[in-house]
2 protein chains.
Amino acid sequence: MRMLVPVLLAAFAVPAAAAEPSRPARTTQQVLAEAKPGDWRALDPENTLYLDLAAGRVVIELAPAFAPLHAANIRTLVRQRYFDGLAILRVQDNFVTQWGDPDSENADKARSLGKAGRRIAAEFTRAAQGLAFTALPDGDVYAPEVGFSDGFAAARDPASGRAWLAHCYGAVGAGRDNDPESGSGAELYVVIGQAPRQLDRNIALVGRVVEGIELLSALPRGSGPLGFYEKPEQRLPIRSVRLAADVPEAQRLPLEALRTDTATFQALIESRRNRRDDWYQVPAGKIDLCNIPLPVRRRPDPA
Amino acid sequence: MRMLVPVLLAAFAVPAAAAEPSRPARTTQQVLAEAKPGDWRALDPENTLYLDLAAGRVVIELAPAFAPLHAANIRTLVRQRYFDGLAILRVQDNFVTQWGDPDSENADKARSLGKAGRRIAAEFTRAAQGLAFTALPDGDVYAPEVGFSDGFAAARDPASGRAWLAHCYGAVGAGRDNDPESGSGAELYVVIGQAPRQLDRNIALVGRVVEGIELLSALPRGSGPLGFYEKPEQRLPIRSVRLAADVPEAQRLPLEALRTDTATFQALIESRRNRRDDWYQVPAGKIDLCNIPLPVRRRPDPA
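Here we take up the overall build of chain A. Helices and strands together make up the secondary structure of chain A, namely 4 helices and 17 strands. Its C-alpha atoms give chain A a radius of gyration of 20 Å, within 12% of the compact-globule value 19 Å for 303 residues. Overall, the C-alpha framework of chain A stretches about 70 × 45 × 40 Å when taken along its three principal axes. The buried share of chain A, reckoned over its 303 residues, is 58%.

Glancing now at the relation of the copies chain A and chain B. When chain A is fitted to chain B, the residual RMSD is 0.0 Å, and the transformation amounts to a turn of 180° plus an axial shift of 0.0 Å. When the rotation and shift are considered jointly, the pair of chain copies conforms to a two-fold rotation axis. Looking at the interface residues of chain A, 100% of them are also at the interface in chain B, so both copies use one shared face.

A few words on unusual backbone geometry. The phi angle of most residues is negative, glycine excepted, and most peptide bonds adopt the trans form. Residues and elements named next belong to chain B. Of note in this structure, Arg-81 is not a glycine but carries a positive phi near 60°. Owing to a relative accessible area of 49%, Arg-81 belongs among the partly exposed residues under this scheme. Its identity is not glycine, yet Arg-201 carries a phi of approximately 70°, on the positive side.

The next point concerns the state of the cysteines. What we call a disulfide is simply a covalent bond connecting the sulfur atoms of a pair of cysteines. Residue and element names in this part refer to chain A. This model, assessed by the stated rule, comprises 2 disulfides over all chains. The disulfide partner of Cys-168 is Cys-290, and the gap between their sulfur atoms is 2.0 Å. What sets the handedness of the Cys-168 and Cys-290 disulfide is the S-S torsion sign, and at about -70° it is left-handed. With Cys-168 in the loop between strand E10 (162-165) and strand E11 (171-174) and Cys-290 in the loop between helix H4 (263-273) and strand E17 (296-298), this pair connects stretches of sequence that are 122 residues apart. Of the two residues examined, Cys-168 and Cys-290, each falls in the buried class.

The next thing to look at is the packing of aromatic side chains. Inspection of every chain in the model, using the stated rule, returns 6 aromatic pairs over all chains. With a centroid separation of 5.1 Å and an interplanar angle of 85°, the aromatic rings of Tyr82(B) and Phe83(B) are classed as edge-to-face. With 4.9 Å between their ring centres and 80° between their planes, Phe148(B) and Phe265(B) make a pair best called edge-to-face. Residue Phe148(B) is found in strand E8 (residues 145-149), and its partner Phe265(B) is found in helix H4 (residues 263-273); the two are separated by 117 residues along the sequence. With respect to class, Phe148(B) is no different from Phe265(B); both count as buried. The ring of Tyr50(A) has Arg57(A) sitting right over it, with the charged end atom 4.0 Å from the ring centre.

All names here are of chain B. Sheet architecture is open: 3 strands sit in the order E1-E16-E17, paired in antiparallel fashion. Edge positions in the sheet fall to strand E1 (40-42) and strand E17 (296-298), since each has one partner strand and no second. Across the sheet, the mean angle separating the axes of adjacent strands is 35° when strand polarity is ignored.

All right, on to helix H2 (residues 68-79) of chain A then. All names here are of chain A. Over its 12 residues, H2 runs 16 Å from end to end, which matches the ideal 16 Å to within 8%, given 1.5 Å per residue. Within H2 the residues assigned to the buried category are His-70, Ala-71, Asn-73, Ile-74, Arg-75, Leu-77 and Val-78. As for H2, its buried residues are in contact with strand E2 (48-53), strand E3 (56-62), E11, strand E12 (188-191), strand E13 (205-211) and strand E15 (240-243). A positive phi of about 60° marks Arg-81, the residue just after H2.

Residue and element names in this part refer to chain B. Neither face of strand E11 (residues 171-174) is open: one carries Ala-171 and Gly-173, the other Val-172 and Ala-174, and all of them are buried. One ladder, built from 3 bridges, connects E11 with strand E13 (residues 205-211); its direction is antiparallel. In the strand pairing of E13, Ala-171 is matched with Arg-208. Here 3 bridges tie E11 to strand E12 (residues 188-191), and the two strands are oriented antiparallel to one another. Each residue of the ladder has a partner; that of Gly-173, found in E12, is Tyr-189.

Turning our eyes to something else, we now look at the sheet that holds strand E4 (residues 87-92) of chain B. Strands belonging to one sheet form pairs held by backbone hydrogen bonds; the direction of such a pair is parallel or antiparallel. All names here are of chain B. If you trace the 9 strands from one edge of the open sheet to the other, you get E14-E4-E5-E12-E11-E13-E3-E2-E15, paired in antiparallel fashion. Looking at strand neighbours, the two that pair on one side only are strand E14 (236-237) and strand E15 (240-243), the edges of this open sheet. Here E4 runs beside E14; their pairing, made up of 2 bridges, is antiparallel. Directly across from Ala-87, in E14, lies its bridge partner Pro-237. Packed on one face of the sheet, helix H2 (residues 68-79) meets strand E2 (48-53), strand E3 (56-62), E11, E12, E13 and E15 and runs near 120° to E15.

All names here are of chain A. Of the strand pairs in this sheet, strand E6 (residues 126-127) and E10 are connected by 2 bridges, and their pairing is antiparallel. Across the sheet, the residue bridging to Ala-127 is Arg-162, located in E10. With 4 bridges joining them, strand E9 (residues 152-157) and E10 adopt antiparallel strand pairing. By the bridge assignment for E10, Ala-155 is matched with Trp-164. Two successive antiparallel strands, E9 and E10, enclose a turn made up of 4 residues, where Gly-161 displays a positive phi of approximately 70°.

Another aspect to go through is the interface of chain A and chain B. Every contact between the two is made by 68 residues of chain A and, on the other side, 69 residues of chain B. Together chain A and chain B conceal approximately 6,000 Å² of surface at their shared face, both sides included; 55% is due to carbon and sulfur atoms. Seen at the junction of chain A and chain B, the total is 0 salt bridges. Across the chain A-chain B interface, the total number found is 20 residue pairs in polar contact (both at pLDDT 80 or more). Counting only elements with at least two residues in the side of chain A that touches chain B, the list comes to strand E4 (87-92), strand E5 (96-100) and helix H3 (214-217) of chain A. For the side of chain A that touches chain B, the leading source of residues is E4(A), giving 3 residues. Grouping the constituent residues of the side of chain A that touches chain B by class yields 35 nonpolar, 16 polar and 17 charged.

The next subject is the environment of Arg176(A). Residues and elements named next belong to chain A. On the secondary structure map, Arg-176 appears in the loop between E11 and E12. You can call Arg-176 buried: its relative accessible area is 1%. Considered as a pair, Arg-176 and Ala-204 are 28 residues apart in the sequence and their alpha carbons are 8.8 Å apart. Among the polar contacts made by the side chain of Arg-176, one reaches the main-chain carbonyl oxygen of Asn-178 at a distance of 3.1 Å. Within the structure, Arg-176 has its side chain in polar contact with the backbone oxygen of Asn-202 (distance 2.8 Å).

Cut-offs used in this document
- Residues numbered from 1 in each chain as written.
- Chains lettered and ligands numbered in written order.
- Predicted model: local features only at pLDDT ≥ 70, side-chain atom pairs only at ≥ 80, totals over all residues.
- Heavy atoms only, no water.
- Helix = DSSP H or I, 4+ residues; strand = E, 2+ residues; numbered from the N terminus.
- Rg over C-alpha atoms; globule rule 2.2 N^0.38 Å.
- Buried < 20%, exposed > 50% of the residue type's maximum accessible area, 1.4 Å probe, protein only.
- Least-squares fit on C-alpha atoms with pLDDT ≥ 70 in both.
- Contact = heavy atoms within 4.5 Å.
- Disulfide = S-S within 2.5 Å.
- Phe/Tyr/Trp six-rings, centres within 6.5 Å; stacked < 30°, edge-to-face > 60°.
- Lys NZ or Arg CZ within 6 Å of the ring centre and 35° of its normal.
- Pairing = 2+ DSSP bridges.
- Axes fitted to C-alpha atoms, helices over the stretch in contact; angles between N-to-C directions.
- Expected span 1.5 Å × (residues − 1).
- Buried area = accessible area lost by both parts, 1.4 Å probe.
- Salt bridge = Lys/Arg side-chain N within 4 Å of Asp/Glu carboxyl O.
- Polar contact = N/O pair within 3.5 Å; in protein donor to acceptor, adjacent residues only side chain to side chain.
- Nonpolar A, V, L, I, M, F, W, Y, C, P; charged D, E, K, R; others polar.

Next up, the structure:
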């Protein structure tokens, strides 16, 4: 059968013409194989969520640098076990999967948010100043500048001095109503299609899925308006959501993410911008922010 | 529950500040409601495929303006009922779903391609001259110029005088091996994630899914390399593939696509570039080629 594009299993052929004198062009696989231990960072257990479904675990990394109030509110909700027994409510093709309380708008039946806030300031952008930012030189349709900030795809605008997370595949945000402050983190969504960048600066992104996205992206699409499931039995139950910090250390997943402020990450971008394997005829020469993978791995055994 | 972005059910509020004197800004829904009959084109039955699965029908429009040899070969294969009883072989998350003959590389078991070609010229680009093209002014990361050609998202390069189809969500292409001419249309893929534009100019796109994409995008992801299903029983059987022209006229789906060379389509792009409903706080101001919907409808009853 025809293979069509080896993605992370790229062949190791390196065209001589593409090689630089000092450092031959490398495939993505080569770059990752040659990464140093310091190129990886362990996920912070205080910013790591385990969303457990019958089919398996989704791991989400929170982004408190961009949405500190939302991150704190989500931690409060999780520690109250707010999400346990709630459900995935909406799957809209090429857009988002969304979960929360199906009865959130029914005052008699809605689950209490407990000590968590019901309204959170609209953390749609933040000051660019003080933010780590590795710019991507390839350009962008939506923002004056894009790049990476501590492992997250982000954008910033020198004119306004503001920065924000980008709605790339796997980005997790806090649903809201028309009122910009109506989001609380009690209802969350994840991007499962072409990056809906028009949402940038309009809603609070709170993190990204770092493992298990396929448990949310391959679900049956809802047949109701906006992809909501029309029948209660179509909803997918959430077994539990836990903060990694609240799980015994021995039970935490030893996940590490590739640091985005490293030469290794730059080499990885280049390996994706201009593919080196034999399959490609024409290297793209450029790459979109949302086409750059953000590798995550299990920490290797020190032995 | 929080709604998060009414997509095609946008509220009808029109901010006064965004309105032009002569023509107030319209929502997507308003634009479509006000489209004239001539803004729509009937799909050509000679270029329309019905891919039938147990769960329903996927409709694919072929693009012979870009890949005439592939389109002809696919018609030949379909008329031989080549695809009937074959299967979906591969679903790679955020990338592609692919179908064909699981035994294609086993000479003893592979299904015969009959009168169809086994190798097809590499229709990865074509001459821009003579091609209808409505340019999108918003810019693009991957190509000097992007836009629409007879209903398809496309790109062109004034320097080389070449044009090509763009790998947007729903684009359908012909899998190939490393040999650029090894594709035949006997194995096809559809984009189900963030537009893999690095494939542009590297493989022949032959059309796009116009209806039923969720039957291909919501399938379980394959656990083998590149998302191939590892066990034969995981593959999803294809009941049949038919050309609409070969189906009795009364049984054809009366599908119409919005013409992309119309003022209505320009208004639709603008309605997506700068959203007018109450939910949005900041209009994006720009839009990516692959974020523009290409509406398809059932022909309205003349009565």
